[in-house]
Amino acid sequence: MNGKAKYDDPFEGLFEDASARALSRVGVVDVGSNSIRMVIFDGAARSPAYFYNEKVMAGLGKDMSSTGRLNPEGIERAHVALDRFAAIADGMKVRPMTVVATAAVRDAKDGSDFRKRVEKDTGLKLNVIDGEEEARLSAQGVLLGWPDAQGLVCDIGGNSMELAVLDGKANVGRRATSQLGPFRLQQVKGGEDGLRKHIRKTMEELAQKVGTDHDRIYLVGGSWRAIARLDMERTAYPMTVLHEYVMSPQAVEQTVDWINKSDLQALRSRVGVSNSRMELVPLASLVLRQLVETFQPKELAVSSYGIREGLLYEHMSSSLRARDPLLESAKFTERQMARMPGFGKKLYQFLLPLFEDAPPKRIRLIRAACLLHDTAWRTHPDYRADACFDNVTRANMAALSHPERVFLGVALLHRYKNSRSGSPMAPLFAMLSDDELLAAEVLGKAMRFGAMFSVKDPGEAGSLSLSQKKQTLELTLTKTGRALFGEVAESRFESLCKAMGVEPVVKS
């Protein structure tokens, strides 16, 4: 067994880690130019679940570029929302709440009055941050989802757009802020030609500050997510999870043209984007087109994580930040939902001889699958396989690309079912190559056998040895294993061998 086969788990002791326990429930409110959102995080600290998530489209920054003041209607909507959020946090015993206000409140003439009134009426203290700090926190939010993110983070709000550079080593570098938010752009003079010139000039100024040598741009913000959802609709993309959705520059160009030629209300009804958000999409599309033209990235990836997640990341210790979000989430899910928490690690160790030549990226997926293999056991047996697939492809898990979601889904499907023929999930299978589909099937059937072979520890019942030269998979049974290797276990072992294209050999 080579070095890859060792189960060296740097994430042991997660639930005994004081810094992780301290983040078990954290509340954050983001008071933006267009929306106000409260999120209460709970669960696995490095890959948190959204215990509570509520958004109000207050429109605080609407018309501010012409009046210099916060929108009066938006002020009242914001106060109602913040009063409610304070009461919810109090009811859930989430104190203190971290509340940040961005471009609208920091730039408005009456921003200070608004902040004081909120604190007096609700007890919530608004921390008004500048553009560069907003850029830093948004970049940290991206790091929560992509620990090794490298490229340019672009966060668009109603009244501003921020940029920050990530170096691939969890460091936030150069930052810049601008007034390229859609609310601001509504007031630009000179018609469409003047608007385009203004956007181009501002983008060139930003490029001078942060450079243009970025292969990937991470898109943060509701307007970007709306455009990405429209891109999915245009291309009939089979998955609707926005986080880690990747677009090419050519796709962005085509989608922007499609949006400009389409009826916005008809598009809105097809994708479920709110009216207030959809109104900003045409202007945001112009900004996105220019962003691509100026920076010329190879790809653009959507991040559902931004300033709120960045605030959570801010509280993390360096050791907690170093954890793998996917594996932590899988461990937390196993702990909460599996019949025998801890079995996933033993199953992984038992099956590892089958995957000794697998690269590290595949190994982490195998580990995650083993941790998740029994978390859908409460589902009706007739639907368990599809439920497994659906759960993992839609799950709130970070550090997991869309093809990796499908790989895990197929593996877990085969954990409960030999064949995927006729599956309603079939359109998503096309996201994997034939070789990847086979690898996922093999993993699933291996888990299906291992889970049946022993309910306590398959390693105590036997061991596996794969011979590529002899084209055999050998199962050596212990005394305990001889009693456990019944008819069903034998059938599942043979099914695994057939999927692998090897001959089964059983020794005792």
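How each quantity is defined
Residues numbered from 1 in each chain as written. Predicted model: local features only at pLDDT ≥ 70, side-chain atom pairs only at ≥ 80, totals over all residues. Heavy atoms only, no water. Phe/Tyr/Trp six-rings, centres within 6.5 Å; stacked < 30°, edge-to-face > 60°. Lys NZ or Arg CZ within 6 Å of the ring centre and 35° of its normal. UniProt positions renumbered as here; feature names shortened; annotations may be inferred. Helix = DSSP H or I, 4+ residues; strand = E, 2+ residues; numbered from the N terminus. Pairing = 2+ DSSP bridges. Contact = heavy atoms within 4.5 Å. Axes fitted to C-alpha atoms, helices over the stretch in contact; angles between N-to-C directions. Domains from an automatic or database assignment. Buried area = accessible area lost by both parts, 1.4 Å probe. Salt bridge = Lys/Arg side-chain N within 4 Å of Asp/Glu carboxyl O. Polar contact = N/O pair within 3.5 Å; in protein donor to acceptor, adjacent residues only side chain to side chain. Nonpolar A, V, L, I, M, F, W, Y, C, P; charged D, E, K, R; others polar. Core = buried A, V, L, I, M, F, W, Y, C linked by side-chain atoms within 4.5 Å. Buried < 20%, exposed > 50% of the residue type's maximum accessible area, 1.4 Å probe, protein only. Parallel < 35°, antiparallel > 145°, perpendicular 65-115°, else oblique. Left-handed = near helix turned anticlockwise from the far one by under 90°.

**Focus on the packing of aromatic side chains**
Taken as a whole and judged by the stated rule, the model has 11 aromatic pairs. One aromatic cluster in this structure is built from Phe350, Phe449, Phe453, Phe485 and Phe493. Just above the ring of Tyr416 sits the side chain of Arg415; from NZ or CZ to the centre is 4.3 Å.

**Here's the deal with the UniProt feature "domain: Exopolyphosphatase C-terminal" (unreviewed entry) in the chain**
This chain's UniProt record puts "domain: Exopolyphosphatase C-terminal" (unreviewed entry) on residues 363-501. Structurally, residues 363-501 comprises 60% helix and 9% strand, and the distance from its first C-alpha atom to its last is 21 Å.

**Topic: the pairing of strand β8 (residues 172-178)**
Of the strand pairs in this sheet, strand β7 (residues 161-167) and β8 are connected by five bridges, and their pairing is antiparallel. The residue of β8 that forms the bridge with Ala164 is Arg175. Here β7 folds back onto β8, and the loop between the two strands holds four residues, one of which, Gly168, carries a positive phi near 90 degrees.

**Some thoughts on the sheet that holds β7**
The strand order β8-β7-β6-β9-β11-β10 describes an open sheet built from six strands, whose pairing is mixed. Either end of the sheet is taken by a strand with one partner, and the two such strands are β8 and β10 (246-247). The strands touched by helix α6 (residues 131-145) are β6 (150-156), β7, β8, β9 (216-220) and β11 (299-303); relative to β8, the strand with the most contacts, the crossing angle is about 130 degrees.

**Describing the domain arrangement of the chain**
Entries for the chain in the domain assignment read domain 1 (22-129), domain 2 (132-309) and domain 3 (324-506). Using C-alpha coordinates to define each centre, domain 1 is positioned 22 Å away from domain 2. Each partner contributes residues to the interface: domain 1 has 25 residues there, and domain 2 has 23 residues. Summed over the three residues of domain 1 that lose the most area to domain 2, namely Asn34, Arg46 and Ser65, the buried surface amounts to 25% of that side. The interface formed by domain 1 and domain 2 contains four salt bridges. For Arg184, the salt bridge goes to Asp107, with nearest N and O atoms at 3.0 Å. At the junction of domain 1 and domain 2, the tally comes to nine residue pairs in polar contact (both at pLDDT 80 or more). If you list the elements that add at least two residues to the side of domain 1 that touches domain 2, you get β1 (25-31), β2 (36-42), α2 (64-67) and α4 (103-107). No other element matches α4, which puts four residues into the side of domain 1 that touches domain 2. Looking at the side of domain 1 that touches domain 2 residue by residue, the classes come out as 11 nonpolar, seven polar and seven charged.

**Details of the sheet that holds strand β3 (residues 49-56)**
Taken in spatial order, the five strands make up an open sheet running β3-β2-β1-β4-β5, and their pairing is mixed. Each having just a single partner strand, β3 and β5 (126-128) make up the two edges of the open sheet. Within the sheet, the average angular offset between the axes of one strand and its neighbour, ignoring direction, is 20 degrees. Helix α3 (residues 72-91) rests against β1, β2 and β3 of the sheet, and its axis sits at about 155 degrees to β3.

**Concerning the nonpolar core**
Residues Leu351, Phe355, Met447 and Leu475 are the most contacted members of the largest nonpolar core, which totals 63 residues. Excluding anything up to four places from it in sequence, Leu475 contacts Phe350, Phe449, Phe453, Ser463, Leu464, Phe485, Phe493, Val505, Val506 and Lys507. Among the nonpolar cores identified, the runner-up in size contains 44 residues, and Leu195, Leu286, Leu288 and Phe295 belong to it.

**Describing the packing of helix α10 (residues 249-261) against helix α13 (residues 281-295)**
The geometry of α10 relative to α13 is characterised by a closest axis approach of 10 Å and an angle of 155 degrees between their N-to-C directions. One element, α10, and the other, α13, form an angle in the roughly antiparallel class. With respect to the hand of their crossing, α10 and α13 are arranged in left-handed fashion. Between α10 and α13, the contacting residues are Pro249, Val252, Glu253, Val256, Asp257, Ile259 and Asn260 on the first element and Val281, Ser285, Leu288, Arg289 and Val292 on the second. Of the residues belonging to the contact of α10 with α13, the class tally is seven nonpolar, two polar and three charged.

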